[in-house]
Amino acid sequence: MKTKNKVNVNFQLVEFIPNDEDMQFAVLYISEKYKTIAHKCLCGCGNLSITPVGNIKPKWNYNVNNEKLTMTPSVLNKNCPQNAHYIITNGIANIV
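Quick caveat: nothing in here was measured; it's all calculated off a predicted structure. (Residues numbered from 1 in each chain as written. Predicted model: local features only at pLDDT ≥ 70, side-chain atom pairs only at ≥ 80, totals over all residues. Heavy atoms only, no water.)

A. Broad picture of the nonpolar core. V9, L42, Y86 and I88 are the most contacted members of the largest nonpolar core, which has 19 residues in total. Of all the elements, strand β7 (residues 68–76) adds the most residues to this core, at three residues. Counting residues in each nonpolar core, the second largest holds five residues, with V14, M23, Y29 and A38 among its members. (Core = buried A, V, L, I, M, F, W, Y, C linked by side-chain atoms within 4.5 Å. Buried < 20%, exposed > 50% of the residue type's maximum accessible area, 1.4 Å probe, protein only. Helix = DSSP H or I, 4+ residues; strand = E, 2+ residues; numbered from the N terminus.)

B. Highlighting the side chain of T36. Structurally, the position occupied by T36 is in strand β4 (residues 36–40). We classify T36 as buried; its relative accessible area is 16%. Within the structure, T36 has its side chain in polar contact with the backbone oxygen of Y34 (distance 2.9 Å). Beyond its immediate stretch of four places on either side in the chain, T36 contacts I17, Y29, I30, S31, I50, T51 and V53. (Polar contact = N/O pair within 3.5 Å; in protein donor to acceptor, adjacent residues only side chain to side chain. Contact = heavy atoms within 4.5 Å.)

C. Spatial organisation of the pattern of salt bridges. Applying the stated criterion across every chain, the model contains two salt bridges. Put simply, K33 and E15 hold a salt bridge, and the shortest N to O gap is 2.9 Å. One end of the pair, K33, is in the loop between β3 (27–31) and β4; the other, E15, is in the loop between β2 (10–13) and β3, and 18 residues separate them in sequence. Accessibility expressed as a relative area gives 39% for E15, which makes it partly exposed. Note that D20 is salt-bridged to K40, the shortest N-O span being 3.9 Å. Here the residue D20 occupies a position in the loop between β2 and β3, and K40 occupies one in strand β4, the gap between them amounting to 20 residues. Its relative accessible area of 32% is what places D20 among the partly exposed residues. By relative accessible area, which is 18% here, K40 ends up buried. (Salt bridge = Lys/Arg side-chain N within 4 Å of Asp/Glu carboxyl O.)

Quick look at the structure:
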């Protein structure tokens, strides 16, 4: 897959996922209590992306190393008009 764009991403550990209008672009909000990661689509459209983590299917996993987030598998945002697809590794989202 060829990278179309790269976005530096940050994360914030939260108990509750914030309202969509309170979310910042390129920040992934991780609620370990509710096993959810939410963020605004990294293509820039601003649509919400929700990914369950842990034992919920489908499921994603995440790892933090040196304050950099990696998420597996890749994210395909069906809420995005462009069906954005990205791979988040070491704090960088490669939009493919």
